[in-house]
Amino acid sequence: MAKRIFIWVAHPKHGSLNAALAARYADGARTQGAEVREMALADMQFSEAFEGYDPNKEGSAPALAPDLQAWQDNMRWADHVLIVHPYWWGAMPSRAKAVLDMALLHGFAFKYHKRGVKWDKLLSGRAGDAIITSDTPPWLDTLLYLRPGRRVIRNQVLKFCGIAPRKIVQLGSVKLAKDGQVGKWLDRAQRMGARAAMAGGA
């Protein structure tokens, strides 16, 4: 059975390096027979208003905007997920974070137990990759800041919901990279996509 891969480009602008990396990842996955769905944050329309909304309380959210519903549907459909995002102030862009806040809902992505601190991981059975682009060199981000972007996407997003992290990659420095380096990053993304398509279950 072909692997089902959902790729989300979590960059608020069109024409980004993030989009190019995602396209190459998709190419690699398709060469290995995967079925791929893609969404771009730059195309998504939704309000970021949170009035009366508690992400930890099932049933508290207003009706999801169609693009957020489509994002959920793609997450539900996939057995492998790729998130690609730039690294702004130690995290993904606020509009990308808003998608997680509003769509990774209690009852969809997780469900707290009535007693204690444990929860059910409702997206279990899936695996995931992440590609993060940064102007800060990854080695410096690790040394000075303990790689917060990579830790959050691995632990507080993917693992929290039951998605098994495979490759969590930070690429940089983007502002200092020459064409040859960018080409290597694109080739790496294509190899990641091919490996995702060939990998076993989560």
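Details of the structure are given in the entry above.
A brief report on the enclosed structure follows. (Residues numbered from 1 in each chain as written. Predicted model: local features only at pLDDT ≥ 70, side-chain atom pairs only at ≥ 80, totals over all residues. Heavy atoms only, no water.)

### Thoughts on the side chain of His-80
One can find His-80 in strand β3 (residues 80–86). A residue is classified by how much of its surface remains accessible, and His-80, at 1% relative accessible area, is buried. In this structure His-80 touches Lys-3, Arg-4, Ile-5, Phe-6, Tyr-25, Ala-127, Gly-128, Asp-129, Arg-166 and Ala-196, once residues within four positions along its chain are discounted. (Helix = DSSP H or I, 4+ residues; strand = E, 2+ residues; numbered from the N terminus. Buried < 20%, exposed > 50% of the residue type's maximum accessible area, 1.4 Å probe, protein only. Contact = heavy atoms within 4.5 Å.)

### Some details on the sheet that holds strand β2 (residues 35–40)
Sheet architecture is open: five strands sit in the order β2-β1-β3-β6-β7, paired in parallel fashion. Each edge of the open sheet is held by one strand with a lone partner, namely β2 and β7 (164–171). On average, each strand axis in the sheet is tilted by 15 degrees relative to the strand beside it, whichever way the strands run. Looking at chain direction, strand β6 (residues 127–133) and β7 are connected through six bridges and run parallel. Residue pairing across strands places Gly-128 opposite Pro-165, the latter belonging to β7. (Pairing = 2+ DSSP bridges. Axes fitted to C-alpha atoms, helices over the stretch in contact; angles between N-to-C directions.)

### Considerations on helix α1 (residues 17–31)
For α1, built from 15 residues, the straight-helix expectation of 21 Å at 1.5 Å per residue is met to within 8% by its first-to-last C-alpha distance of 21 Å. Among the residues of α1, those classed as buried are Asn-18, Leu-21, Ala-22, Tyr-25, Ala-26, Gly-28 and Ala-29. In a view along the axis of α1, the buried residues occupy a sector of 160 degrees, so they form one face of it. Contacts made by the buried residues of α1 are with β1 (4–9), β2, β3, β6, β7 and α6 (179–198). Just past α1, the residue Gly-33 takes up positive phi, approximately 90 degrees. (Expected span 1.5 Å × (residues − 1). Arc of directions from axis to C-beta.)

### Let's talk about a nonpolar patch on the surface
Judged by side-chain polarity, Trp-139, Leu-143, Leu-144 and Tyr-145 come together as a nonpolar surface patch covering roughly 520 Å² of accessible area. Of note, Trp-139 is situated in helix α4 (residues 138–145). (Patch = residues over 30% accessible without salt bridge, like charges linked within 9 Å, V, L, I, M, F, W, Y side chains within 5 Å. Areas by Shrake-Rupley, 256 points an atom, 1.4 Å probe, with all protein chains shown as cover. Salt bridge = Lys/Arg side-chain N within 4 Å of Asp/Glu carboxyl O.)

### As for the pattern of salt bridges
Across all of its chains, the model carries seven salt bridges by this definition. In this structure, the salt-bridge partner of Arg-4 is Asp-79, at a minimum N-O distance of 3.9 Å. Placement of Arg-4 in strand β1 and of Asp-79 in the loop between α2 (66–77) and β3 is noted, with a sequence separation of 75 residues between them. Taking relative accessible area as the criterion, Arg-4 reaches 21% and is therefore assigned partly exposed. Among the salt bridges present, the one from Asp-73 reaches Arg-76, with a minimum N-O distance of 3.0 Å. Highlighted residues: Asp-73 and Arg-76, both in helix α2, separated by three residues, approximately one helical turn. According to the relative accessible area criterion, Asp-73 is partly exposed, its value standing at 34%. With a relative accessible area of 42%, Arg-76 lands in the partly exposed category.

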